[in-house]
Structure formats: C-alpha cells, structure tokens
Amino acid sequence: MSDLADVVHARRSIRMFLRDKPVPRELLTEALELAMRAPSNSNIQPWRLFLTSGPRRDRLVEALLAQASRGFPATVGLPESFADLRREVGKMVYGAMGIAREDREARRIAQLRNWEFFRAPVAGVVCVHRNLGAVDSMSVGMFLQTLMLALTERGLGSCAQVSIAHFADVVREELDIPEELTVLCGLAIGYPDEDFPANHLDTPRNPIAANVVFRED
Ligand SMILES: Cc1cc2nc3c(=O)[nH]c(=O)nc-3n(C[C@H](O)[C@H](O)[C@H](O)COP(=O)(O)O)c2cc1C
C-alpha cells in the first residue's frame, strides 16, 4: 500500500489486537522516522512518546485495570452540538461488538479493554510539555496522525486513546514520565485481530461543508 489516499482510507481505530504477534522493531522505527517529519510551530517538535512492551507494558496494564476496577472516570462532557456524533459512533462500535445499548455489564467489559490497550503488544503514551499551548498540541496531533498512517502502511494497526489520559497518574508512575509533561492520550500499536468485527468499521464523516467555510464573495 503506497498511495496516500489508500492509506488514509485503510486506517481505522483498532480495538482488538493479536496479543502474541510482536511488532517488529524495524517497522516501528521506520514509522517513527516518518512521523518525526511532522511540522511544528518553530520546529520545536513538541511530541513526546513513551512506548512500552514486554513486562513493563504488562505491569502498566495491571495497574490501569486495578485503577479502573475502583471506578471508571466520568466521561468528559461535550458541547451539545457534538453529543450526537459521540452517540452515533458509540452505537456503531458497541453494535459491531454485538453489545445491546441496555447491556451495561457487556459495555463495562468492552470499555475495560481500553486500559488493556486492546491487548496491543506495544502500548504508547503521548505527551506534551505542560507549559506549551493548544497550538503545540496541534503539532503533536500531526505527529500522531503521520505515525498512525505510517503504521497502517506497514500492516500495523493503532488506536489513539484518551481513556489512558484519564488515569494519567498511574501512567506517569509506571512509565516514569516526568512532571513537566502532560499526558494527552494513549496509543495502542500491534497487528489487528481481523476476526474482530469492530476492527472493520467505516465510521462516517461530515460533508466538507459542515466543517469548512469558503468565503469568496
Ligand atoms: C485523540 C483521540 C482519542 C481517542 N480516544 C479513544 C478512546 O479512548 N477509546 C476508543 O475506543 N477510541 C478512541 N479514539 C478513536 C475514535 O473513536 C475514532 O478515531 C473515531 O471514532 C473515528 O474512527 P476511526 O479512527 O476508525 O476512523 C480516539 C481518537 C482520537 C483521535
């Protein structure tokens, strides 16, 4: 896969990975080399990414699951104009997992997989310096999207995960993340479990006119 449009369309959020299929380090390095080409304000390259696999990843997952067992973080409220889209994607994702809306226990189990990084062998944590602003988080996002596309091009799956940032203290402690960094999100990386129907979702997008305004008069 080398055409940009093909890669953009092929990328999707993967929510079940092959736990025992390791990610070759050379593929990860190639993808990171490409992601490092992302643009940033004054070329400060503000993205900071912590990657873990092996026993340290397992300890992180254990600590996150222990924290989640004491209670899930409250879902961050969204402005009303975005709420419908969240509901729609929730319906799609849980629907593909065969979970009915009223089945709270099944939803809880599915949600818990967030803190297992959806069983991905490589668990990432994306950070930015706490004194940088929103504009610099944009650069982190550009790095992240480039990384996810480069991983897709190499047959690897990924999922960005704000759910990981909800337990930032746990992540900070388990991965020795310095105080000056804000935890933005997690990033699960691995080979997708192709038999998991929710890995094949085609989530809809708005028409361009809903998000982009041309002023030409
Ligand atoms: C910053 C960010 C945070 C996200 N956090 C989560 C998360 O915590 N859990 C999850 O299952 N998906 C998460 N997602 C995935 C989105 O739900 C997904 O990108 C969106 O529904 C569009 O689907 P697609 O990625 O398959 O195209 C996140 C995506 C982004 C970009």
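Calculation rules
- Residues numbered from 1 in each chain as written.
- Predicted model: local features only at pLDDT ≥ 70, side-chain atom pairs only at ≥ 80, totals over all residues.
- Heavy atoms only, no water.
- Helix = DSSP H or I, 4+ residues; strand = E, 2+ residues; numbered from the N terminus.
- Buried < 20%, exposed > 50% of the residue type's maximum accessible area, 1.4 Å probe, protein only.
- Contact = heavy atoms within 4.5 Å.
- UniProt positions renumbered as here; feature names shortened; annotations may be inferred.
- Lys, Arg positive; Asp, Glu negative; His and termini not counted.
- Salt bridge = Lys/Arg side-chain N within 4 Å of Asp/Glu carboxyl O.
- Near = heavy atom within 4 Å.
- Polar contact = N/O pair within 3.5 Å; in protein donor to acceptor, adjacent residues only side chain to side chain.
- Areas by Shrake-Rupley, 256 points an atom, 1.4 Å probe, with all protein chains shown as cover.

1. Thoughts on the environment of Gly124
Here is step 1 of the chain: Relative to the assigned elements, Gly124 resides in strand E2 (residues 122-129).
Here is step 2 of the chain: With relative accessibility at 0%, the residue Gly124 sits in the buried group.
Here is step 3 of the chain: Considered as a pair, Gly124 and Met138 are 14 residues apart in the sequence and their alpha carbons are 18 Å apart.
Here is step 4 of the chain: Excluding anything up to four places from it in sequence, Gly124 contacts Leu49, Phe50, Leu51, Phe117, Cys185, Gly186 and Leu187.

2. Re the UniProt feature "domain: Nitroreductase" (unreviewed entry) in the protein
Here is step 1 of the chain: Per the UniProt record, the feature "domain: Nitroreductase" (unreviewed entry) sits at residues 10-191.
Here is step 2 of the chain: For residues 10-191, the end-to-end C-alpha separation is 14 Å, with 47% helix and 15% strand making up the annotated structure.

3. Quick look at the side chain of Arg113
Here is step 1 of the chain: Tracing the backbone shows Arg113 in the loop between helix H5 (104-112) and E2.
Here is step 2 of the chain: Buried charge Arg113 goes without a salt bridge, the closest partner of opposite sign being Glu116 at 6.0 Å.

4. Overview of the site of the ligand
Here is step 1 of the chain: Contacts to the ligand come from 14 residues, most closely from Ser13, Arg15, Val162, Ser163 and Arg205.
Here is step 2 of the chain: Between the ligand and the protein, one listed contact pairs an oxygen atom with a side-chain N or O atom of Ser13 at 2.6 Å.
Here is step 3 of the chain: Interatomic distance of 2.8 Å between a side-chain N/O atom of Arg205 and an oxygen atom of the ligand.
Here is step 4 of the chain: For the ligand, whose unbound accessible area comes to 620 Å², protein coverage reaches 67%.
Here is step 5 of the chain: Only strand E3 (157-161) and helix H7 (162-165) provide two or more residues apiece to the shell around the ligand.

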